[in-house]
Amino acid sequence: MSTLDSPAKIRNPLMVSELFYNILDCFRPRIDPAGRRALVSLAQTCRAFSEPSLDCLWSSPPTSSQFAVIDKYAHRIRQLTISDNASVRFLQCTSMRPSCLFPNLMVLRWSPYVLTPHIPIIFIQRLLSPTLVSLEATLAEVDQATLLSFFDNYPLLCRNLTSVEFRFSAQPQSETTIQALSRAICSQETLENVVLHTPIDGGALTYLCTLPTLKELSVYLSERSRIGIGSFLPTDPLFCSAERLEFITLDLDLVASLLRPRDQTFHTFGLYHHGRQTPEAVVSFLNLLTSRSRPPPLQKLTLSIGDFSHPIPADHMASEAIRYRLSYKTLQPLMILRSLRVLMIEWSEQISMDDDELANLARSWPLLQVFNFYCGRGGYPPFSTKYPTLLGLLSLVNSCPELYTVSLPLDAREVPAVKEADARETNFACLIVPESPINEARPVAEFLCKYLPSVTALEARFLRPPGTNAEQINGYELAWQQVETYLEEFDSSPIDSSESEESEV
């Protein structure tokens, strides 16, 4: 036994994997004819027994009689997910079978690399057939020759695919892999939904822009996506049938060049820009996106701009705060989207907005259901910026009666007085307060309980950029946790009005 084994393992020998496998080895069918049934029972007992039992169960190929049982029910399989070791071992056992395993398979999800990073992609070939309409695959460049062969063959084997999603277990991908994937995309004429978490070249991007069947697209655009892209005129129709568009890119100009507000009919749009951008550049982009000549209304908009994985030190942040600060003027182009239902904005820099500005925005979106506004740089000292107060939150909820989720930085250091405002029956239930300063928890909880009694979930989030006052941020986080505790107490035993008045005094 290893000297690193924990005391729990010493007390329970079954927790030592070597011993447990030796015990299970006695149940192998070649030793005990009833062993297979015993292994099946152990695999269904608990999670700790499941994987080792399945390893032993599939360590030897199924017999011909067992394959006959598989063949009997194979035609009933319409959806299949390959994501664990046992599933992969089953495919290995069937590698010599002459025909497709599941002749009526329509949806295939392939993601075994989470647990086993060296599974050859060749085993997926046993599952590809003309009946397949949806293919989701997590791939790895373990054997590039086999991977390239897969990209060459799957469009031929699956001629009726309407939905594809590809991602890789490791980044980045080689130029050869990107070219092979791009060729595969260009050879499919029936695609409706495309999700690509890896770059494509300009030829594939050009093909998707003009594909008449395309309805949903989520694609990663890199510098390679400009190479070989077609020369589009401003009047050329692009994404004419698309209903949902998402772009992950550092090239904002490339995305802007693909927008045709007069011709495009998408109702959902997402931009994930993992780099710093000035508000002026964002305003220019939003003006193009929200052109008044759009035939259908935009209903869901997601903007995630900035690098949240590498927080900027406080001294650099303070010197550049004004240049990158998001304000009310930045969001003004969105005020014409009267049918907006979901608005999610992630901005890695500071924001500046007061109650009146938030109220003006809210009155423009009467159908809003989700409002997520997340900033990555705190408004607490040493930074000076404006945050909406609890009064601004109240005006937002009152202006958007269908609102049920709000993520908004708040300045809750003071609880404002409210005139002639009664609690309303609303759908508003979830409140997220990122980077929000607060002093006392109980007055804030009493305000929420009195004017927004439908709130049932509260969460505070703090990024803690280097150089900020960690003790102060911890105090804010603790205070918001106390607010949540108070709300739970008030829900079980409503606060008395006299107690509330004494608290206000």
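Note: the structure precedes this text.
Bear in mind the structure is a predicted one, so any value in this text is a computation, not a measurement. (Residues numbered from 1 in each chain as written. Predicted model: local features only at pLDDT ≥ 70, side-chain atom pairs only at ≥ 80, totals over all residues. Heavy atoms only, no water.)

Draft legend 1. Highlighting the overall build of the protein. From N to C terminus, the protein includes 18 helices and 16 strands. Counting all 505 residues of the protein, 47% fall into the buried class. About 24500 Å² of surface is accessible on the protein, with carbon and sulfur atoms providing 53% of the total. (Helix = DSSP H or I, 4+ residues; strand = E, 2+ residues; numbered from the N terminus. Buried < 20%, exposed > 50% of the residue type's maximum accessible area, 1.4 Å probe, protein only. Areas by Shrake-Rupley, 256 points an atom, 1.4 Å probe, with all protein chains shown as cover.)

Draft legend 2. The pattern of salt bridges, seen in detail. Applying the stated criterion across every chain, the model contains 12 salt bridges. Here Glu-175 and Arg-224 are joined by a salt bridge, their closest N and O atoms 3.1 Å apart. You can see Glu-175 sitting in helix α8 (residues 175-186) and its partner Arg-224 sitting in the loop between β6 (216-221) and β7 (244-249), a full 49 residues away along the chain. What makes Glu-175 partly exposed here is its relative accessible area of 36%. Looking at Arg-224, the relative accessible area reads 28%, which means it is partly exposed. With a shortest N-O distance of 3.6 Å, Glu-216 and Arg-244 are connected by a salt bridge. (Salt bridge = Lys/Arg side-chain N within 4 Å of Asp/Glu carboxyl O.)

Draft legend 3. Region of interest: a negative patch on the surface. A grouping of Glu-484, Glu-488, Glu-489 and Asp-491 is seen on the molecular surface, where their side chains present a negatively charged patch. Along the polypeptide, Glu-488 turns up in helix α17 (residues 470-492). We classify Glu-488 as exposed; its relative accessible area is 53%. (Patch = residues over 30% accessible without salt bridge, like charges linked within 9 Å, V, L, I, M, F, W, Y side chains within 5 Å. Lys, Arg positive; Asp, Glu negative; His and termini not counted. Charge placed at Lys NZ, Arg CZ, Asp CG, Glu CD.)

Draft legend 4. Local environment of the nonpolar core. Of all hydrophobic cores here, the largest spans 121 residues; its most connected members are Phe-269 and Phe-371. Here this core gets 7 residues from one element, more than from any other, and that element is α17. The contacts of Phe-269, once residues within four sequence positions are left out, are Leu-245, Phe-247, Val-255, Leu-259, Phe-285, Leu-289, Leu-298, Lys-300, Leu-301 and Thr-302. If you look at the next biggest cluster of nonpolar residues, it comprises 8 residues, including Leu-39, Leu-42, Leu-54 and Cys-56. (Core = buried A, V, L, I, M, F, W, Y, C linked by side-chain atoms within 4.5 Å. Contact = heavy atoms within 4.5 Å.)

Draft legend 5. Spotlight on the pairing of strand β3 (residues 134-139). Extensive coverage of β3 is indicated by the burial of 5 of its 6 residues. Relative to β3, strand β2 (residues 107-110) runs parallel, the two sharing 4 bridges. Bridging across to β3, Leu-108 finds its partner in Leu-135. Bridge count between β3 and strand β4 (residues 163-168): 6 bridges; the pairing is parallel. Residue pairing in the sheet places Thr-138 in a bridge with Arg-167 of β4. (Pairing = 2+ DSSP bridges.)

Draft legend 6. Highlighting α17. For α17, spanning 23 residues, the distance from its first C-alpha to its last is 34 Å, which sits close to the expected 33 Å at 1.5 Å a residue. Along α17, the residues that are buried comprise Ile-473, Tyr-476, Ala-479, Trp-480, Val-483, Leu-487 and Phe-490. (Expected span 1.5 Å × (residues − 1).)

Draft legend 7. Up close: the packing of helix α14 (residues 355-363) against helix α15 (residues 390-399). Close contact between α14 and α15 brings their axes to 9 Å; oriented N to C, the two are set at 10 degrees. Accordingly, the angle class assigned to the pair α14 and α15 is roughly parallel. Counting all contacts with α14, which are made through Asp-355, Leu-358, Ala-359, Ala-362 and Arg-363, the residues of α15 involved are Leu-391, Gly-392, Leu-393, Ser-395, Leu-396 and Ser-399. Each residue belonging to the contact of α14 with α15 can be placed in one class, and the counts come to 6 nonpolar, 3 polar and 2 charged. (Axes fitted to C-alpha atoms, helices over the stretch in contact; angles between N-to-C directions. Parallel < 35°, antiparallel > 145°, perpendicular 65-115°, else oblique. Nonpolar A, V, L, I, M, F, W, Y, C, P; charged D, E, K, R; others polar.)

Draft legend 8. Broad picture of unusual backbone geometry. Positive phi values are uncommon outside glycine, yet Phe-239 reaches one of about 50 degrees. In this structure, Phe-239 sits in the loop between β6 and β7. A positive phi angle, close to 50 degrees, is found at Glu-435, a residue other than glycine. Its place among the elements puts Glu-435 in the loop between β15 (430-434) and α16 (441-451).

Draft legend 9. Structural view of the environment of Thr-146. Relative to the helices and strands, Thr-146 is located in helix α7 (residues 144-157). Linking Thr-146 and Ile-122, residues 24 residues apart in sequence, is a C-alpha distance of 6.4 Å. With near-sequence residues (within four places) excluded, Thr-146 lies in contact with Ile-121 and Ile-122.

Draft legend 10. Representation of the side chain of Thr-249. Examined against the element boundaries, Thr-249 turns out to sit in strand β7. Given the relative accessible area of 3%, Thr-249 is considered buried. A distance of 3.2 Å separates a polar atom in the side chain of Thr-249 from the backbone oxygen of Leu-221. With residues up to four places along the chain from it excluded, the contact list for Thr-249 reads Leu-221, Val-255, Leu-271, Tyr-272, His-273 and His-274. (Polar contact = N/O pair within 3.5 Å; in protein donor to acceptor, adjacent residues only side chain to side chain.)

Draft legend 11. The arrangement of the packing of α16 against α17 in detail. In the contact formed by α16 and α17, the axes pass within 8 Å of each other and the chain directions differ by 45 degrees. For the element pair α16 / α17, the angle class is oblique. For the pair α16 and α17, the crossing hand works out as right-handed. In this structure, α16 uses Ala-441, Arg-442, Val-444, Ala-445, Glu-446, Leu-448 and Cys-449 to contact α17, whose residues at the interface are Ala-479, Trp-480, Gln-482, Val-483, Tyr-486, Leu-487 and Phe-490. Across the contact of α16 with α17, the residue classes break down as 11 nonpolar, 1 polar and 2 charged. (Left-handed = near helix turned anticlockwise from the far one by under 90°.)

Draft legend 12. Molecular detail of the packing of aromatic side chains. If you walk through the whole model with that rule in mind, you get 14 aromatic pairs. Measuring from centroid to centroid gives 5.8 Å for Phe-151 and Phe-166, while their planes differ by 90 degrees, and the two rings are edge-to-face. Pair noted here: Phe-151 is in helix α7 and Phe-166 is in strand β4, with a separation of 15 residues, a long-range link. In this pair, the class of Phe-151 matches that of Phe-166, namely buried. (Phe/Tyr/Trp six-rings, centres within 6.5 Å; stacked < 30°, edge-to-face > 60°.)

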